[in-house]
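Geometric and topological summary
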Amino acid sequence: MSGTNRLENYFDNAATTPLDARVREAMLPWLGEQCGNAHSLHAWGMQAREAVERARQYIADQFATPPEQVFFTSGATEANNWALQHATNLAVSPFEHSSVWAPAEAKGATVLANEGYKCMAAPAGTDMQAVMVVGNETGAVLSAPSLRGWTHRDATQALGKVPIDLISGDSWSCSAHKLGGPKGVGALVVTGNVALAPWMVGGGQEMGLRAGTLNVPGIVGFATALRLAKQDYEARTAHVRSLRAAFAEAVAGMPDSFIHEHDRQSPWILTWVAAGIEGETLVLEADARGFAIGAGAACSAHSNEPSRTLVALGWPPEHLRSAVRISFGPQNTVESVRALAAVLKEAVNRLRG
Ligand code: PMP
C-alpha cells in the first residue's frame, strides 16, 4: 500500500463503502449515551426500541410491506442463508453470491439454465428459486422467471442504487454497508405470501424469529443510509454515470480491451477486460499506486477458480481471468477516474510490452 489512502481513489464500492458522515452522525448517540437494550422496559430501552421501529417502518415502506415483515440481520449473508433454509427443491441462478451459492450447494440445488443474463424457468417441483437483482460481479440487472413458489432475491447491490421491481420477488436480502451504512447489519424483507421459520432462538427478538440483542446503532445507520440514498438518488445516479462515461472515454481505443455491459446495467459497477492481463495483477498494480479496484470476476478474491458468472455467460477462456471490477461511489471524482484509467493503461501497456 502506497499513497495516502484517499477516498476518491477507492473504487471497490461493491465490496463495501465508506460510512457516510451523516450516517455516522445519526449513529453516534446510539453508540454512546443512548445505550438502551431495545427490549428493556425503562426509558433507555424504550428510546432504543422506538429508533429501531422507526428504522423498520422506513425500510418496510421502501418495500411496500408491513413493518412486521422486516427482519434485521447481521447482513445479506445471513439473510440469504435464512431465506434459503425454507427450500426443499431449490433452484438458483448461475450468477449468485457465495452466500446463496454455498447453501444452495449444500441443498443440492438446481442451477437455472441461462441465455446470457436471462434465466430460464425452474424445473417442475421447484419450491424456491433465488435470482439476485443486481449481479455483484458485473452489475447486470437480472429478472427472475415466474415461479409458482417462493422467489428469493438478493437485493444487496440494488437497494438504493437501481429501481427494484417489487412484484418479482417474495423475499429480499439487503446490507447496509453497500450504500454508505455500517458493516454487520442488514435485513431479510418479506413482501410475498410466505412465512419465515425461526432462525435463531433465545430472547424472542424480531417477531420471535431471530433472537439476539438488536444492533441499535447499526439499524439506525442502515435506515439513515437508505434515506440518504433515496434523497440523493438522482444526483448519485447522474454522478456514477458520469464516472462511468469518463472511464469509457479514457480507455477508448486501447487494443484488445473492452467494457462488458448488459443492456440492463447498474451504473455503479463496471467490468473492464484487458485481454491477456490477469485481473488480479491489475488490482495489485492499482493498489501500488493508491487505487482500490476489484478482480470481481475472480469468483472470490481468494479462489483460483474462474468466475462462475463469466463461465455461465460463455466467456472465452482467455478473458475469464482478465476482468476487473471498478465499482463507483459518491466520493469518486471524474479526475480520480481518469487517474485510475491512466494507471491501468500504463500497467497494461508495460505488462504487454
Ligand atoms: N450478496 C451480494 C450480492 C453481495 O454483493 C454481498 C457482499 N459482497 C453479499 C450478499 C453479502 O453481504 P454481507 O456482507 O452483508 O454479508
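Residues numbered from 1 in each chain as written. Predicted model: local features only at pLDDT ≥ 70, side-chain atom pairs only at ≥ 80, totals over all residues. Heavy atoms only, no water.

1. Notes on the overall build of the chain
The following threshold applies: Strands are runs of DSSP state E lasting at least 2 residues, helices are runs of H or I lasting at least 4, and numbering of each runs from the N terminus. Relative accessible area decides the class of each residue, using a 1.4 Å probe on protein chains only: under 20% of the type maximum gives buried, over 50% gives exposed, and in between gives partly exposed. Residue contacts follow a heavy-atom distance rule, with two residues in contact if any of their heavy atoms lie within 4.5 Å.
A tally of regular secondary structure across the chain gives ten helices and twelve strands. Referenced to the eigenvectors of the C-alpha coordinate spread, the extents of the chain come out at roughly 70 × 50 × 35 Å. Among the 353 residues that make up the chain, the fraction classed as buried is 55%. In the chain, the proportion of contacts linking residues at least 24 apart, taken out of those at least 6 apart, comes to 63%.

2. Here we look at the packing of helix α7 (residues 279–288) against helix α10 (residues 334–352)
Under the convention used in this document: Axes here mean lines fitted to C-alpha atoms, for a helix over just the part in contact, with angles spanning 0 to 180 degrees between N-to-C directions. When describing relative orientation, an angle under 35 degrees is termed roughly parallel and one over 145 degrees roughly antiparallel, while 65 to 115 degrees is termed roughly perpendicular and anything else oblique. Here a crossing is taken to be left-handed if its near helix is turned anticlockwise relative to the far helix by less than a right angle, and right-handed if that turn runs clockwise.
At a minimum axis separation of 10 Å, α7 and α10 run at an interaxial angle of 125°. By the angle class used here, α7 and α10 are oblique. The element α7 and its partner α10 pack so that their crossing is right-handed. Across the interface between the two elements, Thr 281, Leu 282, Glu 285 and Ala 286 from α7 touch Leu 340, Val 343, Leu 344, Ala 347, Val 348, Arg 350 and Leu 351 from α10.

3. Section: the site of the ligand
Basically, it comes down to this: Proximity is defined per residue: any heavy atom of the residue falling within 4 Å of a molecule or strand makes that residue near it. Polar contact is defined as a pair of N or O atoms within 3.5 Å, subject to the rule that within protein one atom must be able to donate a hydrogen and the other to accept it, and that residues adjacent in sequence are counted only when both atoms are side-chain atoms. Here, Shrake-Rupley sampling with a 1.4 Å probe gives the accessible areas, and only protein chains in the shown set may cover a residue. Polar here means any residue outside two lists: the nonpolar Ala, Val, Leu, Ile, Met, Phe, Trp, Tyr, Cys and Pro, and the charged Asp, Glu, Lys and Arg; Gly therefore counts as polar.
Surveying the vicinity of the ligand reveals 14 residues, the closest of which are Thr 77, Asp 154, Gln 157, Ser 175 and Lys 178. Separating an oxygen atom of the ligand from a side-chain N or O atom of Ser 175 is a distance of 2.6 Å. Interatomic distance of 2.8 Å between a side-chain N/O atom of Lys 178 and a nitrogen atom of the ligand. Alone, the ligand offers 400 Å² of accessible surface; in the complex the protein occludes 85% of this. The leading source of residues in the shell around the ligand is helix α3 (residues 76–84), at three residues. Of the residues that constitute the shell around the ligand, the class distribution is two nonpolar, ten polar and two charged.

4. Here's the deal with the packing of aromatic side chains
As a reminder of what qualifies: For Phe, Tyr and Trp, where Trp contributes only its six-membered ring, two rings pair if their centres lie within 6.5 Å, and the inter-plane angle classes them as stacked under 30 degrees, edge-to-face over 60, or tilted in between.
Enumeration according to the criterion identifies eight aromatic pairs in this entry. Where Trp 82 meets Trp 199, the ring centres are 6.3 Å apart and the plane angle is 10°; that geometry is what we call stacked. Pair noted here: Trp 82 is in helix α3 and Trp 199 is in the loop between β9 (186–190) and α5 (216–231), with a separation of 117 residues, a long-range link. Under the relative-accessibility criterion, Trp 82 is labelled buried at 0%. For Trp 199, a relative accessible area of 29% corresponds to the partly exposed category. Members of the aromatic cluster, joined through ring pairs, are Phe 71, Trp 82 and Trp 199.

5. With respect to the domain arrangement of the chain
The condition that has to hold: Domain segmentation is taken from an automatic or database assignment of domains. Throughout, the accessible surface (probe 1.4 Å) given up by two parts as they are put together, summed over both, is called the buried area. Salt-bridge detection follows one rule: a side-chain nitrogen of Lys or Arg within 4 Å of a carboxyl oxygen of Asp or Glu.
The assigned domain composition of the chain is domain 1 (7–18 + 232–352) and domain 2 (21–231). The centre of domain 1, based on its C-alpha atoms, is set 27 Å off from the matching centre of domain 2. Contact residues are listed per partner, giving 28 residues for domain 1 and 33 residues for domain 2. The three residues of domain 1 that bury the most area against domain 2 are Asp 232, Tyr 233 and Arg 308, which together make up 24% of that side's buried surface. Where domain 1 touches domain 2, the interface holds one salt bridge. In this structure, Asp 232 and Arg 22 form a salt bridge, with 3.3 Å as the shortest nitrogen-oxygen distance. Linking domain 1 with domain 2 are 26 residue pairs in polar contact (both at pLDDT 80 or more), by the criterion used here.

6. So, α7
Counted only if it meets this: The arc refers to the directions leading from the helix axis to the C-beta atoms.
Listing the buried residues of α7 in full gives Gly 279, Leu 282, Val 283, Glu 285 and Ala 286. Projected onto a plane normal to the axis of α7, the buried residues spread over an arc of 165° and lie on a single side. Elements in contact with the buried residues of α7: β11 (269–274), β12 (323–327) and α10.

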